[in-house]
Amino acid sequence: MATLLIKNARAIACMDDAQTEWRDGSIFIRGNRIEAVGPQDTLPQTADHVIDASGHVVTPGLINTHHHMTQSLTKAVPVSQNAELFSWLQGLYPIWAGLTPHMVKVSTQVAMAELLLSGCTTTSDHLYMYPNGVRLDDSIEGAQAIGMRFVATRGSMSVGESDGGLPPDRIVEKEDAILHDTRRLIETYHADDFGSMLNVSVAPCSPFSVSQDLMRVSAELARSYGVRLHTHLAENDHDVRYSQEKFNCTPTQYAESLGWVGADVWHAHCVKLDAEGISLFAATRTGVAHCPCSNMRLASGIAPIRKMLDAGVPVGLGVDGSASNDAAHLLNEARQAMLLARVGRAMQAPEVRDGQTFFGCDLGPAEMTPRDALRLATRGSAEVLGRAHDIGQIAVGMCADLALFDVGVLGFAGGAVHDPIGALMLCASAPAHYVVVNGRVVVDQGHLLTVDLPVLVEQHNKLAQQLVASA
């Protein structure tokens, strides 16, 4: 098997159980696995491919737990710029109704290219609209060509406006057809072996676009195949109100009643998760995909991430849709998670601890540390996707998914000299200089090797114009 040596790293953040960090360290890879990591003078000095990581911070490949990649075609569309979740969706549904298979494939590759260049090596995607012959296969083909580890979720919408749902009737599907296609996709593509490059999960879209029957049956179907479940939950006040009015319960009570809690489930957003919901998710090990930039963009609120983590809820990071974030820079998402957690603490009411009153500003800076944020983007996200056994940390035997960031550039001047790993979160979010996925170098000195990026971007921009014009 081919070998890869990453040598002389300024710092290596392993994100392992011991929170190991190496200065002037190296990583030796054989095939797709890490064979050794530690001081450079203790590791092999040669390999088939050698990367001199002098001046670089090396992290586990970052992991994105929630995305809508086709939305790359509708970044910054005027109708979406100043709307909250429900009005944002109602403005964009008619545009997305024009999606074609080719648009899905191209937009998937654009979204993945953006993620890879930010240091992300594994991503989930939630595709829940299938107009004009679109299939999840289109996304999968795009991922396989670009070389990214992929958790493809078969999303769905079955309740249109005439039945009290949010989406127009013309873009929802019949539930029998949804379930049939979901089975086909799992049987065709899902692989759960160590280091798998492709997982398939079951992902009805949301309480306001899917029936209770479909939610319940989807959970049963997923568990019969041993695959994971994903949906949106408690994203904003309107979302919570919808559950209360339609189902006479909170979003988490709704999820629990339909079998949507457990270690095989992760929910996107959970901005409005209450104390009861946090306790339930902690007890059942139900995961959360935290999407701070999107939550800010849509004015959804600030998710209580510190409370979730302290309670034991598995939490990872997601960039969410490219039309509600308008970027897919996962390193920056981790930075925003850190900053927003601190702002969230400062906005909370005073707390009394051991007879002393603490105000938010007394506690805010420690609410989330730089290393906490990096852990969310690596170990936390791996756990949320059910992949903690093979990705998310730099350790012997783990998959060789790595991101290397050059901290010798202008944005880190005066910061990396003190704490290169902390600077990665606190200073300007840099692009990745090298990215390794499953032992394969896919980004080399800032250049994506697997696609012709200028050609892809030009093609994508033409498709974006066509899609919006057709609506």
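Going by the structure above, here's the rest.
Structure report, in brief. (Residues numbered from 1 in each chain as written. Predicted model: local features only at pLDDT ≥ 70, side-chain atom pairs only at ≥ 80, totals over all residues. Heavy atoms only, no water.)

What follows concerns the environment of Glu-256. With respect to the helices and strands, the residue Glu-256 is situated in helix H7 (residues 251-257). Using a relative accessible area of 43% as the deciding quantity, one classes Glu-256 as partly exposed. In this structure the C-alpha to C-alpha distance between Glu-256 and Leu-280, which are 24 residues apart in sequence, comes to 8.6 Å. (Helix = DSSP H or I, 4+ residues; strand = E, 2+ residues; numbered from the N terminus. Buried < 20%, exposed > 50% of the residue type's maximum accessible area, 1.4 Å probe, protein only.)

With 15 residues, helix H13 (residues 370-384) should reach 21 Å at 1.5 Å per residue; the first-to-last C-alpha distance of 20 Å fits that figure. At Leu-376, H13 shows its maximal kink, close to 45°. Most of H13 sits out of view: 11 of its 15 residues are buried. Residues of H13 that are buried include every one of Pro-370, Ala-373, Leu-374, Leu-376, Ala-377, Thr-378, Arg-379, Gly-380, Ser-381, Ala-382 and Val-384, and no others. (Expected span 1.5 Å × (residues − 1). Bend = angle between axes of the 7 residues up to and from the residue.)

What follows covers empty space enclosed by the protein. In this approach, a probe sized like a water molecule rolls over the atoms, and the result shows the empty space that is left. Applying the stated rule across the entire model yields two cavities of 30 Å³ or more. What the largest cavity holds in volume is close to 120 Å³. If you go around the largest cavity, you meet 15 residues; those closest to its centre are Leu-85, Leu-89, Tyr-128, His-232 and Glu-235. Ranked by the residues each element gives to the lining of the largest cavity, the list is headed by helix H1 (residues 85-96), at four residues. Residue composition of the lining of the largest cavity, grouped by class: eight nonpolar, five polar and two charged. Estimated volume of the second largest cavity: approximately 80 Å³. No other element matches strand E7 (residues 120-127), which puts three residues into the lining of the second largest cavity. Taken together, the residues of the lining of the second largest cavity sort by class into six nonpolar, four polar and one charged. (1 Å grid on protein atoms, 1.4 Å probe; cavity = no way out; pocket = protein on both sides within 12 Å on 5 of 7 lines; lining within 4 Å. Points joined across faces, edges and corners; volume = space filled by probe spheres on them. Nonpolar A, V, L, I, M, F, W, Y, C, P; charged D, E, K, R; others polar.)

Further remarks concern the nonpolar core. Ranked by size, the top nonpolar core spans 124 residues in total, and within it Trp-88, Leu-89, Tyr-93, Trp-96, Leu-116, Phe-281 and Met-308 carry the most contacts. Counting residues per element, this core draws most heavily on helix H2 (residues 101-116), at nine residues. If we skip the residues at most four places from it in the chain, Trp-96 touches Gln-71, Thr-74, Trp-88, Leu-89, Tyr-128, Met-129 and Pro-131. Core analysis: the next-biggest nonpolar cluster, separate from the first, contains 18 residues, Cys-14, Ile-394, Leu-402 and Val-436 among them. (Core = buried A, V, L, I, M, F, W, Y, C linked by side-chain atoms within 4.5 Å. Contact = heavy atoms within 4.5 Å.)

Here we come to the layout of surface pockets. When its volume is computed, the largest pocket comes out at roughly 280 Å³. Leu-309, Val-315, Arg-375, Gly-380 and Glu-383 are the residues nearest the centre of the largest pocket, which is lined by 14 residues in total. Of the residues forming the lining of the largest pocket, the biggest block, six residues, is contributed by H13. Each residue belonging to the lining of the largest pocket can be placed in one class, and the counts come to six nonpolar, two polar and six charged.

Quick look at the pattern of salt bridges now. Counted by the stated rule, this structure contains 21 salt bridges. For Glu-114, the salt bridge identified is with Lys-75, shortest N-O distance 3.0 Å. Of this pair, Glu-114 sits in helix H2 while Lys-75 sits in the loop between strand E6 (62-64) and H1, placing them 39 residues apart in sequence. The exposure class assigned to Glu-114 is partly exposed, which follows from its relative accessible area of 24%. Using a relative accessible area of 30% as the deciding quantity, one classes Lys-75 as partly exposed. Bridged by salt links that share partners, the residues Arg-135, Asp-137, Arg-154, Glu-173, Asp-181 and Arg-184 form one connected network. (Salt bridge = Lys/Arg side-chain N within 4 Å of Asp/Glu carboxyl O.)

Let us now look at the pairing of strand E17 (residues 434-437). In summary, the side chains of a regular strand alternate between the two faces of the sheet. In E17, alternate side chains face the same way, and those of Tyr-434 and Val-436 on one face and Val-435 and Val-437 on the other are all buried. Note that strand E16 (residues 402-406) and E17 share three bridges and pair antiparallel. From the neighbouring strand, Leu-402 faces E17, where its bridge partner is Val-436. Two elements, E17 and strand E18 (residues 440-444), share four bridges in a ladder whose sense is antiparallel. Of the residues in E18, the one forming a bridge with Tyr-434 is Asp-444. (Pairing = 2+ DSSP bridges.)

Let's shift gears to the packing of helix H4 (residues 175-189) against helix H5 (residues 212-225). Interhelical geometry of H4 versus H5 gives an angle of 20° and a closest axis separation of 11 Å. Taken together, the axes of H4 and H5 lie roughly parallel to each other. Where H4 crosses over H5, the two elements pack in a sense that is right-handed. Listed contacts from H5 to Glu-175, Ile-178, Leu-179, Thr-182, Arg-183, Ile-186 and Glu-187 of H4 are Asp-213, Leu-214, Val-217, Ser-218, Leu-221 and Tyr-225. Considered class by class, the residues forming the contact of H4 with H5 number seven nonpolar, two polar and four charged. (Axes fitted to C-alpha atoms, helices over the stretch in contact; angles between N-to-C directions. Parallel < 35°, antiparallel > 145°, perpendicular 65-115°, else oblique. Left-handed = near helix turned anticlockwise from the far one by under 90°.)

Even without being glycine, Asn-248 reaches a positive phi, approximately 60°. Inspection of the secondary structure assignment puts Asn-248 in the loop between helix H6 (237-247) and H7. The exposed category is assigned to Asn-248, whose relative accessible area is 71%.

With respect to the helices, strands and loops of the structure, His-66 is situated in the loop between E6 and H1. Here His-68 takes part through its side chain, which lies 3.2 Å from a polar atom of the side chain of His-66. Only 3.2 Å separates the side chain of His-66 from the side chain of His-232, close enough to count as a polar contact. Leaving out residues up to four positions away in the same chain, His-66 has contacts with Ser-124, His-126, His-230, His-232, Ala-268, His-269, Ala-289, Cys-291, Leu-317, Gly-318, Val-319 and Asp-320. (Polar contact = N/O pair within 3.5 Å; in protein donor to acceptor, adjacent residues only side chain to side chain.)

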